[in-house]
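Per-entry structural report
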Amino acid sequence: MNSTPAVATDVFAPWEDPGATPLIRFDHVTKRFGSFTAIDDLSLDIYEREFFALLGPSGCGKTTLMRMLAGFETPTEGLITLGGQDLAGVPPNRRPVNMMFQSYALFPHLTVADNIAFGLKRSDMAKSEIAGRVDEMLALVQLSKFASRKPHQISGGQRQRVALARALAKAPKLLLLDEPLAALDKKLREETQFELMDIQEKLGTTFVIVTHDQEEAMTVASRVAVMDHGRLVQVATPEVIYEQPNSRYVADFIGDVNLIEGRVLECTGGKCRISWAEGVDPVTAIASETLNKGDSCCIAVRPEKLAISAQRPPDAVNALSGKVLDIGYLGNISTYHVGMPGGRVLKVQVANHNRLARRPFTWDDEVWISFTETAAVVLTS
Amino acid sequence: MNLRRLLLISVPYAWLLLLFLVPFGIVLKISLSDQALAIPPYTPTFDLAAGWQGFVDFLSKLDFENYSWLTQDDLYWKAYLSSLQIAALSTVLTLLVGYPIAYGMANAPTEWRPTLMMLVILPFWTSFLIRVYAWIGILGQNGYLNQLLLWTGVIDEPLVMLNTPFAVYIGIVYTYLPFMVLPIYATLEKLDHDLLEAAEDLGCSRFQAFWLVTVPLSKPGIIAGSFLVFIPAVGEFVIPSLLGGSRTLMIGKVLWDEFFSNRDWPTASAVAVLLLLILIVPIVLFQRHQQKMQELDA
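What comes next concerns the included structure.

So, the overall build of chain A
Within chain A, the secondary structure is distributed over eight helices and 20 strands. Each principal axis of the C-alpha distribution contributes one length, and for chain A these read about 80 × 55 × 50 Å. Looking at chain A as a whole, 48% of its 381 residues qualify as buried. For chain A, restricting intrachain contacts to residue pairs at least 6 apart in sequence, the fraction spanning at least 24 positions comes to 67%. Here chain A contributes 40 positive and 46 negative side-chain charges, whose respective centroids are spaced 6 Å apart.

Take a look at the structure:
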């Protein structure tokens, strides 16, 4: 540890290091099923030890991408390499890749221990070592007591762990997880997300997870790739995806957002003044690119980054007046729907620090909504 | 238990009693009787008018003579043994032919499956007897098969196929094939395709995945199909008598001869009762298996 060079950081971010070699490389990969293009000229690098999430609505191509890594689909065009090796023509059973199926795909006629041993028995591992490895995997997922049960004799959460243990038993270079937590209820899912992260950190295996659940992707992943129609829309860390979405699609797909269409009045030094409705003060926001006067754009601002008050805050850069239309009470937070002049409705989320009885605003109250210039992101695509 | 429930349960039991237990009781009674030149051709017959004393007389005249006769003449146990052997081999052959058919059906595109299923069931639309007769036309000395083989030059003189055990196997495999195909198809069709992908993902070749996953998971279908073929094949009469000739010894044929040629109803009944006892073992095994599978599903 002492010999660590001074430039190294504690933050795990190989994708920012131009010298790092990716474990997986998709090089202009296209996959067509008949006339349908599932993956459209996609290039992507995934690095060792990453927990990489493929996120998107159903039909966006994320599962196809994963199945190409497992070897169940072959790309129509392009190249996929794993650790420098071209995967074309390598059948699933010869890839150092294992997959955890959405349905878990546990063998119903085998016990939990035999399910975990299944892959090991097909490998060149000595028979004497298999039992030890199975015990190790059972301990990892805390199922040692259930070794001799059949899959139908354990709960859904336990089956999920068996599937994970079975996929990890052969110590693959890459573990693929296809919607691994979709069948669990919300509470168990959240617990399991943290367990997955712990296991991934402990083993150092590269994980690629496919999910349509943006919260899940944000929680577990080191990087998230947001997909749409067979293309990558944005590939970035969860913070960047959330705070600096690169398009309306990403902003809207991840979390709650207020999207306000407008037109650029002026843009200097990265700050843009944007007019969005007649007779209302323009809004100031940070833009990542320089925009010209008159360009149409979109302001994306998260509901929790908006403040609500009875009077106009004196030092606010952006302040808009409106009327409370609706209040959604979620326990920890409340969501206010505030009607703006011109009919636009903004969502504002406020943490409920006080008891409900002391809620400061109610239906039809005139309120002010304010936000800082860094709270909003200007989007052009 | 309330009356409604009792009534409901009594229906299947009444059917069983009427259609199974009563005829079996009659057969059992005849098997304990003696042959007679009369109508019906056995004594004693039960006479209600003689009252209690008549019933006691009737019981005292029943004996196990016919059963001991079955053990003395080696024709019978040879016939039993030969039947079991033919049935067992036919079951294996039917499985070998039927499994690939069921596998192909289960893996066919979904829109083809009803048609394929139809084709498997289609032979049932014609009388079983006529279909077995058709095989005589195919397998005979001047039958279609011999004609074809002679024409293609594979053989120089016609093969003797009819009236051999070979013809019996052909007949049984042909007739009982749907009973093997349908239960296996039912299990294979339910098979989760993910399991095969998982097996491949864990290092199996296609064939290993088939052997380690598909075959064990279709075991219930294999077992059900095998019993559905084996049990009726043991007692089969029509196929051996039409296709097997006099040299093929099967218990069904012996039974027929005893009843209709010898007119020895008591011995024939004893043969039938013994056949039932022999078959009860696999039937009970089968039922226990079914029950176990149901418990597993639950």
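Resuming the write-up.
Topic: the interface of chain A and chain B
Tallying the contact residues gives 21 residues for chain A and 18 residues for chain B. Taken over both partners, the interface formed by chain A and chain B buries close to 1,700 Å², and the fraction arising from carbon and sulfur atoms is 61%. When residues of chain A are sorted by the area they lose upon contact with chain B, A:N93, A:H109 and A:R122 head the list and together hold 29% of the total. Linking chain A with chain B are one salt bridge. Linking chain A to chain B there are eight residue pairs in polar contact (both at pLDDT 80 or more). Counting only elements with at least two residues in the side of chain A that touches chain B, the list comes to α1 (62-70), β6 (97-100) and α2 (112-121) of chain A. Looking at the side of chain A that touches chain B, its residues break down into 11 nonpolar, six polar and four charged.

Quick word on the pairing of strand β20 (residues 376-379) of chain A
Residue and element names in this part refer to chain A. Burial along β20 is two-sided: A376 and V378 facing one way and V377 and L379 facing the other are all buried. Note: strand β14 (residues 296-301) against β20, four bridges, orientation antiparallel. Across the sheet, C298 pairs through a bridge with L379, a residue of β20.

Section: the packing of aromatic side chains
Scanning all chains against the criterion turns up 21 aromatic pairs over all chains. A centroid spacing of 5.6 Å and a plane angle of 65° characterise the contact between B:F124 and B:F179, whose relative ring orientation is edge-to-face. In this pair, B:F124 sits in the loop between α5 (113-121) and α6 (128-139) while B:F179 sits in helix α8 (residues 165-190), placing the two residues 55 residues apart along the sequence. A cation over an aromatic ring shows up here: A:R166 above the ring of A:F107, its NZ or CZ 4.8 Å from the ring centre. Seen from the ring of A:Y242, A:R302 lies directly overhead, with NZ or CZ sitting 4.0 Å from the centre.

Let's talk about the side chain of A:N115
Residue and element names in this part refer to chain A. As for its placement among the helices and strands, N115 is situated in helix α2. Taking relative accessible area as the criterion, N115 reaches 0% and is therefore assigned buried. Discounting chain neighbours no more than four positions away, the residues touching N115 are L106, F107, L110, P151, V162 and R166.

Looking at unusual backbone geometry
Cis rather than trans, the peptide bond between B:T43 and B:P44 has omega equal to -10°. Relative to the helices and strands, B:P44 resides in the loop between β2 (42-43) and α2 (51-60). With a phi close to 50°, A:H229 is a non-glycine residue in the positive phi region. Assignment of secondary structure puts A:H229 in the loop between β9 (223-228) and β10 (231-236). A:H229 sits in the exposed class, given a relative accessible area of 62%. Residue A:D364 is not a glycine yet carries a positive backbone phi of 70°. Mapped onto the elements of the fold, A:D364 is located in the loop between β18 (345-351) and β19 (366-371).

Observations regarding the pairing of strand β8 (residues 206-211) of chain A
Residue and element names in this part refer to chain A. Here β8 lies mainly inside the structure; six of its six residues are buried. Neither face of β8 is exposed, since T206, V208 and V210 on one face and F207, I209 and T211 on the opposite face are all buried. By the bridge criterion, five bridges tie strand β3 (residues 51-55) to β8 in an arrangement that is parallel. Looking at the pairing, L54 lines up with V210 of β8.

A few points about the sheet that holds strand β7 (residues 174-178) of chain A
Residue and element names in this part refer to chain A. As summarised here, the arrangement of the six strands in space is β6-β7-β8-β3-β9-β10, forming an open sheet in which the pairing is mixed. In this open sheet, the two edge strands, each paired with only one partner strand, are β6 and β10. Strand-to-strand twist across the sheet, computed as the mean angle between neighbouring axes with direction ignored, equals 20°.

Some points on the sheet that holds strand β1 (residues 24-33) of chain A
Residues and elements named next belong to chain A. The antiparallel open sheet is built from four strands, whose spatial order is β2-β1-β4-β5. Strand pairing shows two members of the sheet lacking a second neighbour, β2 (36-46) and β5 (85-86), which therefore form its edges. Pairing geometry for β1 and β2, over seven bridges, is antiparallel. Paired with K31 across the strands is I39, a residue of β2. Packed onto the sheet, α1 meets β1, β2 and β4 (77-82) and runs at close to 115° relative to β1.

Considering the state of the cysteines
Residues and elements named next belong to chain A. Evaluation of the coordinates by the stated rule reveals one disulfide over all chains. Note that C267 is cross-linked by a disulfide to C272, the S-S spacing being 2.2 Å. With relative accessibility at 17%, the residue C267 sits in the buried group. For C298, which is in no disulfide, the shortest distance to another cysteine sulfur is to C297 and amounts to 7.3 Å.

Reading the values: rules and limits
Residues numbered from 1 in each chain as written. Chains lettered and ligands numbered in written order. Predicted model: local features only at pLDDT ≥ 70, side-chain atom pairs only at ≥ 80, totals over all residues. Heavy atoms only, no water. Helix = DSSP H or I, 4+ residues; strand = E, 2+ residues; numbered from the N terminus. Buried < 20%, exposed > 50% of the residue type's maximum accessible area, 1.4 Å probe, protein only. Contact = heavy atoms within 4.5 Å. Lys, Arg positive; Asp, Glu negative; His and termini not counted. Charge placed at Lys NZ, Arg CZ, Asp CG, Glu CD. Buried area = accessible area lost by both parts, 1.4 Å probe. Salt bridge = Lys/Arg side-chain N within 4 Å of Asp/Glu carboxyl O. Polar contact = N/O pair within 3.5 Å; in protein donor to acceptor, adjacent residues only side chain to side chain. Nonpolar A, V, L, I, M, F, W, Y, C, P; charged D, E, K, R; others polar. Pairing = 2+ DSSP bridges. Phe/Tyr/Trp six-rings, centres within 6.5 Å; stacked < 30°, edge-to-face > 60°. Lys NZ or Arg CZ within 6 Å of the ring centre and 35° of its normal. Axes fitted to C-alpha atoms, helices over the stretch in contact; angles between N-to-C directions. Disulfide = S-S within 2.5 Å.

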